[in-house]
Amino acid sequence: MHIEEVIAQAAQMGASDIHIVYDLSIRCRVHGSLRPMNDQPVTHADCERYAMELAGESYRMLETVGELDLAGTYAGRRVRINIFRQQGHLSAAIRLLSDKIPRLEDLGLPPAVPGFTELKRGIVLVTGETGSGKSTTLAALLDRINHTRTDHILTLEDPIEYLYTPDKCIVNQREVGRDTSAFSDGLRAALREDPDIILIGEMRDLATIEIALTAAETGHLVFATLHTNSAADSIDRVVDVFPQERHRQIRMQLSMTLQAVVSQQLIPTVDGKGRALACEVMIVNPAIRNLIREGKTPMIQNAISTTASEGAITMDNALIRLVRDRKISPAAAVENAHEPDYVKKSVGGGVR
């Protein structure tokens, strides 16, 4: 099969990812589980051919670097691709993206999240493990802004995943490695490009985080992702990137600029036909700003629990709601909880 056929077949199966690995049949991930697409092991020549089809003119880069990130459209589907070497062979991991940017209302997000599109400045973090839907949530937020505000949106992505069609906003999408050398370089330049809203694909290093804080302080609205599993973890992750002697300063900056943190998980549904979004939302109010400033992050989880009236919700309460709405099983809720005993007590259902 050519890569277009592979991607078309995976899309028909409702797959989120495709894995091409030497001497194994091609596998795709459907509702979180890997399934074989056929029973034919992939040869070394197949791996090279698929890599050439996916990488195009960038294929030669694989001779000097061990991996390659890119995105493209195949069989009518937008995909994110990582090609890498392992044990002398090329492998590929392909993420199938949605055909179009979904509406915020269709993602199952808590009611407070759409309101983040009305913010004028500050930082909104969307966090979670790989494959938890962070990019989709951010795309839906920016697309809402694109259709409702008259601003300049500038994105820094690695690679570009969703493509926006400018509406009321100007949209400039820059790809790390092609349009700019690094997130930090692109972000530094962005401050001279008159943006109102900046999307940072990932806050992965000190320089990027430092400039993001500065951007938020100077009146920009910054959306970014982190690979953390809770709001409190996100704050510690940002602070811990910096040397100890700067922690107090960074906590002060973060306490003044952070507006909200959305932490996501995708949980298999009861019927086994999909996954449901479990979403923690922290709305940064004066009490939480004070906890961030004083370094009392362990107390933040309790603060989220007591601010439900402001739209906040903890991950555990989000999981409990999904059980009560019969979208996920009690066992799945307990398995993915931050405090399993609390969730078990709340959902019952004979969970051991």
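Scroll up for the structure.
A. Representation of helix α10 (residues 315-324) in the model. Most of α10 sits inside the fold, with 7 of its 10 residues counted as buried. On its buried face, α10 is in contact with β12 (258-268), β13 (275-283), α11 (330-335) and α12 (340-347).

B. Summary view of the packing of helix α4 (residues 183-190) against helix α5 (residues 206-217). Look at α4 against α5: their axes get within 8 Å of each other, and the N-to-C directions meet at 20°. Judged on the interaxial angle alone, α5 and α4 are roughly parallel. For the element pair α4 and α5, the recorded crossing hand is left-handed. Across from F183, S184, L187 and R188 in α4, the residues of α5 making contact are A207, T208, I211 and A212. Of the residues belonging to the contact of α4 with α5, the class tally is 5 nonpolar, 2 polar and 1 charged.

C. Representation of the sheet that holds strand β4 (residues 67-74) within the structure. Spatial strand order, β3-β2-β1-β6-β5-β4: 6 strands in an open sheet with antiparallel pairing. Strands with a single pairing partner mark the edges of an open sheet, and in this sheet they are β3 (33-36) and β4. Recorded for the sheet is a direction-independent mean angle of 25° between the axes of neighbouring strands. Inspection of the sheet shows strand β1 (residues 17-20) paired to strand β2 (residues 27-30) by 3 bridges, in the antiparallel sense. Each residue of the ladder has a partner; that of I18, found in β2, is C28. Packed on one face of the sheet, helix α2 (residues 44-55) meets β1, β4, β5 (77-86) and β6 (89-96) and runs near 50° to β6.

D. Unusual backbone geometry, seen in detail. Geometrically, the link from D158 to P159 is a cis peptide bond, its omega value of -5° lying close to zero. Of note, P159 is situated in the loop between β8 (152-157) and β9 (170-175). Of note in the backbone geometry, A75 takes a positive phi value of approximately 50° without being a glycine. Positionally, A75 belongs in the loop between β4 and β5. Positive phi, normally seen in glycine, also occurs at D194, with a value near 55°. By the secondary structure assignment, D194 is in the loop between α4 and β10 (197-200).

E. Representation of the side chain of R78. Residue placement: R78 occurs in strand β5. No salt bridge forms around the buried R78; measuring N to O, its nearest opposite-charge neighbour E175 is 5.4 Å away. Polar contacts involving the side chain of R78 include one to the main-chain carbonyl oxygen of I160, which spans 3.2 Å. Separated by 2.8 Å, the side chain of R78 and the backbone oxygen of E161 make a polar contact. Excluding residues that lie within four positions of it along the chain, R78 makes contacts with A71, G72, T73, R95, L96, L97, I160, E161 and L163.

F. Looking closely at the pattern of salt bridges. Across all of its chains, the model carries 16 salt bridges by this definition. One salt bridge connects R49 with D46, and the closest N-O pair in it is separated by 3.4 Å. Placement of both R49 and D46 in helix α2 is noted, with a separation of 3 residues, approximately one turn of the helix. Exposure remark for R49: the relative accessible area of 28% places this residue in the partly exposed category. Residue D236 pairs with R251 through a salt bridge whose shortest N-O separation is 3.5 Å. With D236 in helix α6 (residues 231-240) and R251 in helix α7 (residues 247-257), this residue pair connects regions lying 15 residues apart in the sequence. Looking at R251, the relative accessible area reads 12%, which means it is buried.

G. Focus on the pairing of β3. Across 4 bridges, β2 lies against β3 in antiparallel orientation. In the strand pairing of β3, R27 is matched with P36. In textbook terms, the turn of a hairpin is the stretch between consecutive antiparallel strands, and for β2 and β3 this stretch comprises 2 residues, one of which, H31, has a positive phi near 55°.

H. Spatial organisation of the packing of aromatic side chains. Applying the stated criterion across every chain, the model contains 0 aromatic pairs. Over the ring of Y50 we find R49; its NZ or CZ atom is 4.7 Å from the centre of that ring.

I. Geometry of the pairing of β5. Two elements, β4 and β5, share 8 bridges in a ladder whose sense is antiparallel. Pairing of G72 across the sheet is with V79, part of β5. Counting the residues that bridge the hairpin from β4 to β5 gives 2 residues, and of these A75 lies at a positive phi of roughly 50°. In textbook terms, the turn of a hairpin is the stretch between consecutive antiparallel strands, and for β5 and β6 this stretch comprises 2 residues, one of which, Q87, has a positive phi near 50°.

J. Fine view of the packing of α5 against α7. Following both chains from N to C, one finds α5 and α7 inclined at 45°, their axes separated by 10 Å at the closest point. In terms of their interaxial angle, α5 and α7 are classed as oblique. Considering the relative orientation of α5 and α7, their crossing is left-handed. Residues L213, A216 and E217 of α5 pack against I250, Q253, L254, M256 and T257 of α7. Counted by class, the contact of α5 with α7 contains 5 nonpolar, 2 polar and 1 charged residues.

The rules behind each value
Residues numbered from 1 in each chain as written. Predicted model: local features only at pLDDT ≥ 70, side-chain atom pairs only at ≥ 80, totals over all residues. Heavy atoms only, no water. Buried < 20%, exposed > 50% of the residue type's maximum accessible area, 1.4 Å probe, protein only. Helix = DSSP H or I, 4+ residues; strand = E, 2+ residues; numbered from the N terminus. Contact = heavy atoms within 4.5 Å. Axes fitted to C-alpha atoms, helices over the stretch in contact; angles between N-to-C directions. Parallel < 35°, antiparallel > 145°, perpendicular 65-115°, else oblique. Left-handed = near helix turned anticlockwise from the far one by under 90°. Nonpolar A, V, L, I, M, F, W, Y, C, P; charged D, E, K, R; others polar. Pairing = 2+ DSSP bridges. Lys, Arg positive; Asp, Glu negative; His and termini not counted. Salt bridge = Lys/Arg side-chain N within 4 Å of Asp/Glu carboxyl O. Polar contact = N/O pair within 3.5 Å; in protein donor to acceptor, adjacent residues only side chain to side chain. Phe/Tyr/Trp six-rings, centres within 6.5 Å; stacked < 30°, edge-to-face > 60°. Lys NZ or Arg CZ within 6 Å of the ring centre and 35° of its normal.

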